[in-house]
Amino acid sequence: MDSATAPSPQRLRIAVVIDVYDEASGGGIVSTRRFTALLRRRHDVVVVSTGQPAPGKVVLPGFYVPFARRLMDGMRFVFAWPRGDVLAQALAGADIVHVQLPLLLGIRAVALARRMGLPVLATFHLQPENLLYNLGIRSRLLAGLLHRCFIRCVYNRCAAVICPTAFAESELRRFGLAVPTHVVSNGVLPRFRPVVHHREPDLAGRFVVLSVGRLARDKRHDVLIEAVLASRHRDRIQLVLAGRGPLQQEVERRAARLPVPPRIGYVSDDALIRWLNLADLYVHPSEVELEGMAVLEAMACGLPVLVADAATSAARHFAISEHFLFRANDPVHLASRIDHWIEHPRELAAARRVYLEKASHYRIEESVRRLEAIYSRYAPARRR
């Protein structure tokens, strides 16, 4: 890991390579869109991806894996077909190539960039567990094999790898990464901040529990719903699940048993910020996180976060005490934690200030500056 600080960099030509850019709501894709928008203030950035044509974008055809078509549709994800002629034209003249996902497009982009003599970096956005859990597979052996495959085919063939957390960095090292790494948080946009909102009358007397994330197996909404059902205070808990995904109908069916009708579905950023400022507690039951952007955004609004203590999740490191952790995949233990915070409102209110201060160290502007410094380090001087 390196601090990678430097003066304001010169204007660079950056090729960002990612399978999906337009619509998918996965954290790595959202992060890529945000970084790209901010980088374009000072650099020339071309995005190589599937989707609709747009200025500064080179479009590749997409394809589905037949047995996973329904799941991929629900995720709004499609694999990019890496046409060599289109990809070569998109990369030509770039000072730096930045690959976001270790899939077929990423593998081809790394190989082509190396042949063209272009420096290539990659970001570790995708844990094998994300893929496997959503296919209904829980296997440490298979997860390890996929880690090593990604490292051999993509990460170890790059000049360096960007990791969102020290946890992510250690995971790659554990499975054989041999190239330099730089830790750069996904960061939090300035708009995620404390804002006073008045509750609607139907929320009066309710304890609002919020969770944000795509409605998919790896996010473990089932654990949270069962925990609310097991709570001593279930009759006053308003559960809000902000997100969309392939399991929306299943999540809605499971949550229909709750005594207080839940609110489930996609919300805009403005509506999300409103909920983050209205809620009493944010709960993150996911067991697989390389950072946890939704957790950071909750913290930036001063909302206390209760996080699954899972070995495959970096988000657990955001908890300010053991009372803000619960045993992963254990709805009874989660229920006891939720009950604790409902019954200790003063301590919960005090935690808001601590979380807000903790989030202040993850501003996206600082992450962009670090990324620019890393680009400048690896971009050859002859091209600048």
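The text that follows walks through the structure, step by step, so that each part is easy to find. Position numbers for residues count from 1 along each chain, tracking the sequence in the order it is written. Side-chain atom pairs in this predicted model are given and counted only at pLDDT of 80 or more, local residue features only at pLDDT of at least 70, and totals for whole chains, interfaces and linings cover all residues. In computing side-chain values, all of the structure's heavy atoms are included and hydrogens and water are not.

## Remarks on the overall build of the chain
Phase 1 of the analysis: Only DSSP runs of H or I covering at least 4 residues are called helices, and only runs of E covering at least 2 are called strands; the numbering of each starts at the N terminus. Check the secondary structure of the chain and you find 14 helices and 15 strands.
Phase 2 of the analysis: Relative to the 2.2 N^0.38 estimate, which gives 21 Å for 384 residues, the radius of gyration of the chain is 21 Å and therefore close to what a compact globule would have.
Phase 3 of the analysis: With the C-alpha coordinates of the chain rotated into their principal frame, the extents come out at 65 × 45 × 40 Å.
Phase 4 of the analysis: Counting over 384 residues, the chain shows a buried share of 57%.
Phase 5 of the analysis: Every residue pair with non-hydrogen atoms within 4.5 Å of one another is taken to be in contact. In the chain, 68% of the contacts between residues at least 6 apart in sequence involve partners at least 24 apart.
Phase 6 of the analysis: Note that accessible areas follow from Shrake-Rupley with a 1.4 Å probe, and for residues the cover is restricted to the protein chains shown. Within the structure as shown, the chain displays about 16,500 Å² of accessible surface, and the carbon and sulfur contribution to it stands at 53%.
Phase 7 of the analysis: Note that His is not counted, nor are the chain ends; the positive residues are Lys and Arg, and the negative ones are Asp and Glu. Lys charges are placed at NZ, Arg charges at CZ, Asp charges at CG and Glu charges at CD. Treating the 53 positive side-chain charges of the chain as one cloud and the 36 negative ones as another, the clouds have centres 5 Å apart. Taken over C-alpha atoms, the radius of gyration is set against a globule rule of 2.2 Å times the number of residues to the power 0.38. Accessible area is worked out with a 1.4 Å probe on protein chains only. A residue is then buried under 20% of its type maximum, exposed over 50%, and partly exposed in between.

## What about empty space enclosed by the protein?
Phase 1 of the analysis: The method works on a 1 Å grid over the protein atoms by themselves. A cavity is a set of points holding a 1.4 Å probe that cannot get out, a pocket is an open set with protein on both sides within 12 Å along at least five of seven lines, and residues with an atom within 4 Å of a point line them. Grid points are joined across faces, edges and corners, and a volume is the space filled by probe spheres set on the points. Evaluation of the coordinates by the stated rule reveals three cavities of 30 Å³ or more.
Phase 2 of the analysis: One number sums up the size of the largest cavity: a volume of about 170 Å³.
Phase 3 of the analysis: If you trace the largest cavity, you find 18 residues lining it, with Phe 35, His 98, Gln 100, Thr 123 and Leu 371 closest to the centre.
Phase 4 of the analysis: At the level of elements, helix H1 (27–39), strand E8 (160–163) and helix H14 (364–378) are the ones that each hand at least two residues to the lining of the largest cavity.
Phase 5 of the analysis: Considering each element in turn, the lining of the largest cavity owes the most residues, five residues, to H1.
Phase 6 of the analysis: Each residue receives one of three labels: charged for Asp, Glu, Lys and Arg, nonpolar for Ala, Val, Leu, Ile, Met, Phe, Trp, Tyr, Cys and Pro, and polar for the others, Gly being one of them. Along the lines of polarity and charge, the residues of the lining of the largest cavity split into nine nonpolar, nine polar and no charged.

## Remarks on the sheet that holds strand E2 (residues 44–49)
Each strand in a sheet pairs with its neighbour through backbone hydrogen bonds, running either in the same direction (parallel) or in the opposite one (antiparallel).
Phase 1 of the analysis: A pair of strands is considered paired only if DSSP assigns at least 2 bridges between the two. With parallel pairing, seven strands are arranged side by side in an open sheet as E3-E2-E1-E6-E7-E8-E9. In the strand order of this sheet, the two ends are held by strand E3 (57–59) and strand E9 (181–183), each with one partner. Neighbouring strand axes in the sheet, compared pairwise and without regard to direction, differ in orientation by 20° on average. Axis lines are fitted through C-alpha atoms, for helices just across the contact stretch, and the angle between N-to-C directions can take any value from 0 to 180 degrees.

## Re unusual backbone geometry
Phase 1 of the analysis: For Arg 220, which is not glycine, the phi dihedral falls at a positive 60°.
Phase 2 of the analysis: Its place among the elements puts Arg 220 in the loop between strand E10 (207–212) and helix H8 (221–230).
Phase 3 of the analysis: According to the relative accessible area criterion, Arg 220 is buried, its value standing at 10%.
Phase 4 of the analysis: Its identity as a non-glycine residue notwithstanding, Asn 329 has a phi of 60°, on the positive side.

## Observations regarding the packing of aromatic side chains
Phase 1 of the analysis: Pairing of aromatic side chains requires ring centres within 6.5 Å, counting the rings of Phe and Tyr and the six-membered ring of Trp. Pairs whose planes differ by under 30 degrees are stacked, by over 60 edge-to-face, and all others tilted. Applying the stated criterion across every chain yields a total of seven aromatic pairs.
Phase 2 of the analysis: Between Phe 318 and Tyr 362 the ring centres are 5.6 Å apart and the planes differ by 85°, which places this aromatic pair in the edge-to-face class. On the criterion of sequence distance, the pair formed by Phe 318 in the loop between strand E14 (305–309) and strand E15 (325–327) and Tyr 362 in the loop between helix H13 (345–359) and H14 is long-range, its members being 44 residues apart.
Phase 3 of the analysis: According to the relative accessible area criterion, Phe 318 is buried, its value standing at 4%.
Phase 4 of the analysis: Between Phe 324 and Tyr 355, the ring centres sit 5.3 Å apart and the planes meet at 90°, which makes this aromatic pair edge-to-face. With Phe 324 in the loop between E14 and E15 and Tyr 355 in helix H13, this pair connects stretches of sequence that are 31 residues apart.
Phase 5 of the analysis: Here Tyr 355 falls in the buried class, since its relative accessible area comes to 0%.
Phase 6 of the analysis: An aromatic cluster is built from Phe 63, Phe 77, Phe 79 and Trp 81, whose rings are joined through pairwise contacts.
Phase 7 of the analysis: The ring of Tyr 266 has Arg 244 lying over it, and the distance from NZ or CZ to the ring centre is 4.1 Å. Counting as a charge over the ring demands two things of the Lys NZ or Arg CZ atom: a distance within 6 Å of the ring centre and an angle within 35 degrees of the ring normal.

## Here we look at the nonpolar core
Phase 1 of the analysis: For the purposes of this section, nonpolar cores are sets of buried Ala, Val, Leu, Ile, Met, Phe, Trp, Tyr and Cys residues that join through side-chain atoms within 4.5 Å. Counting 79 residues, the largest nonpolar core has Phe 192, Leu 210, Leu 224, Leu 276, Tyr 282, Leu 334 and Ile 338 as the members making the most contacts within it.
Phase 2 of the analysis: Contacts of Leu 224, omitting those with residues within four sequence positions, involve Val 209, Ser 211, Leu 239, Leu 241, Val 283, Pro 285, Leu 334 and Ile 338.
Phase 3 of the analysis: Membership of the second largest hydrophobic core comes to 51 residues, among which are Leu 60, Val 99, Val 120 and Ala 314.

## Digging into the side chain of Thr 181
Phase 1 of the analysis: Relative to the assigned elements, Thr 181 resides in strand E9.
Phase 2 of the analysis: Within the local environment of Thr 181, its side chain forms a polar contact with the side chain of Glu 169, the two groups lying 2.5 Å apart.
Phase 3 of the analysis: There is a polar contact of 3.3 Å between the side chain of Thr 181 and the side chain of Arg 173. We define a polar contact as two N or O atoms separated by no more than 3.5 Å, with the added condition that, inside protein, one atom must be a possible hydrogen donor and the other a possible acceptor, whereas residues neighbouring each other in sequence contribute only through side-chain atom pairs.

## Quick look at the sheet that holds E15
Phase 1 of the analysis: Read from one edge of the open sheet, six strands run E12-E11-E10-E13-E14-E15, paired in parallel fashion. The strands lining the two open edges of the sheet, one partner per strand, are strand E12 (263–265) and E15. Sheet twist, expressed as the average angle between the axes of neighbouring strands with direction ignored, equals 20°.
Phase 2 of the analysis: For strand E13 (residues 281–284) and E14, the ladder comprises three bridges, and the chain directions are parallel. Across the sheet, the residue bridging to His 284 is Val 307, located in E14.
Phase 3 of the analysis: Contacts from helix H12 (residues 331–342) reach E10, strand E11 (237–242), E13, E14 and E15 within the one sheet, and its direction differs from that of E15 by about 155°.

## Some details on the pairing of E11
Phase 1 of the analysis: The element E11 is largely enclosed, with a buried count of six among its six residues.
Phase 2 of the analysis: Here E11 shows no split at all, with Ile 237, Leu 239 and Leu 241 on one side and Gln 238, Val 240 and Ala 242 on the other all buried.
Phase 3 of the analysis: Pairing of E10 with E11 involves six bridges; the strand directions are parallel. Bridge pairing links Phe 207 to Ile 237 in E11.
Phase 4 of the analysis: Orient the strands so they point away from the viewer, and a crossover whose first-strand-to-second-strand path over the helix runs clockwise is right-handed. A crossover links E10 with its parallel partner E11, the connecting element being H8, and its sense is right-handed.
Phase 5 of the analysis: Note: E11 against E12, three bridges, orientation parallel. Each residue of the ladder has a partner; that of Leu 241, found in E12, is Ile 264.

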